[in-house]
Amino acid sequence: MDVSRIEQYFAKTPALAALCSQNGWPDGDSLKVEVLERGPGGAVCAVSFDEILVEGAGCVAGRVPCWGRFRVLTDAAGDVVSAEREA
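Residues numbered from 1 in each chain as written. Predicted model: local features only at pLDDT ≥ 70, side-chain atom pairs only at ≥ 80, totals over all residues. Heavy atoms only, no water.

The next subject is the packing of aromatic side chains. The description of an aromatic ring pair uses the distance of the two centres, along with the angle that the planes make with each other. For the structure on display, the rule yields two aromatic pairs. Ring centres 5.6 Å apart and planes at 80 degrees place the aromatic pair Tyr-9 and Phe-10 in the edge-to-face group. Relative accessible area serves as the criterion here: at 21%, Tyr-9 is assigned to the partly exposed category. Cluster of aromatic residues (ring-pair linked, three or more members): Tyr-9, Phe-10 and Phe-70. (Phe/Tyr/Trp six-rings, centres within 6.5 Å; stacked < 30°, edge-to-face > 60°. Buried < 20%, exposed > 50% of the residue type's maximum accessible area, 1.4 Å probe, protein only.)

Side-chain pairing between opposite charges can occur once the charged atoms of the two side chains come close. Within the structure shown, the criterion is met by four salt bridges. Put simply, Glu-86 and Arg-71 hold a salt bridge, and the shortest N to O gap is 3.0 Å. Within this pair, whereas Glu-86 is found in strand 5 (residues 80–86), its partner Arg-71 is found in strand 4 (residues 60–74), the two being separated by 15 residues in sequence. Overlapping salt bridges, with partners in common, bring together Arg-69, Arg-71 and Glu-86 in one network. (Salt bridge = Lys/Arg side-chain N within 4 Å of Asp/Glu carboxyl O. Helix = DSSP H or I, 4+ residues; strand = E, 2+ residues; numbered from the N terminus.)

Our focus in this paragraph is the nonpolar core. Counting residues in hydrophobic clusters, the biggest one holds 16 residues, and the most contacted among them are Phe-10, Leu-16, Val-47 and Phe-49. Elements with a minimum of two residues in this core: helix 1 (3–12), strand 3 (42–54), strand 4 and strand 5. Residue contributions to this core peak at four residues, all from strand 3. (Core = buried A, V, L, I, M, F, W, Y, C linked by side-chain atoms within 4.5 Å.)

The next thing to look at is unusual backbone geometry. Not every positive phi belongs to a glycine, and Asn-23 is a case in point at roughly 65 degrees. The exposure class assigned to Asn-23 is exposed, which follows from its relative accessible area of 77%.

This next bit is on the side chain of Glu-51. Considering the arrangement of structural elements, one finds Glu-51 in strand 3. Arg-63 provides the closest opposite charge to the buried, salt-bridge-free Glu-51, at an N-O distance of 11 Å. A distance of 2.8 Å separates a polar side-chain atom of Glu-51 from the backbone nitrogen of Gly-24. Not counting chain neighbours up to four residues away, the residues in contact with Glu-51 comprise Cys-20, Ser-21, Gln-22, Asn-23, Gly-24, Trp-25, Gly-62, Arg-63, Val-64 and Cys-66. (Lys, Arg positive; Asp, Glu negative; His and termini not counted. Polar contact = N/O pair within 3.5 Å; in protein donor to acceptor, adjacent residues only side chain to side chain. Contact = heavy atoms within 4.5 Å.)

Here you go:
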């Protein structure tokens, strides 16, 4: 399983928005993915990033650290098919 493919998936997926707590958006530059468990057809990953908060004028008002765990399913070629948030 190629970890870089998982990182690329999380850099593009809207699934990270579920971890945002203050209606901001994930900062791709701060994204970190750690594979915790590997198995046939997938992995469990810890994901962390900074949520960017914006003021009404469009200026960055702050950053909030966010993290969570996802079960990632991959196909036979190693491409990510889906990622489901774990509680």
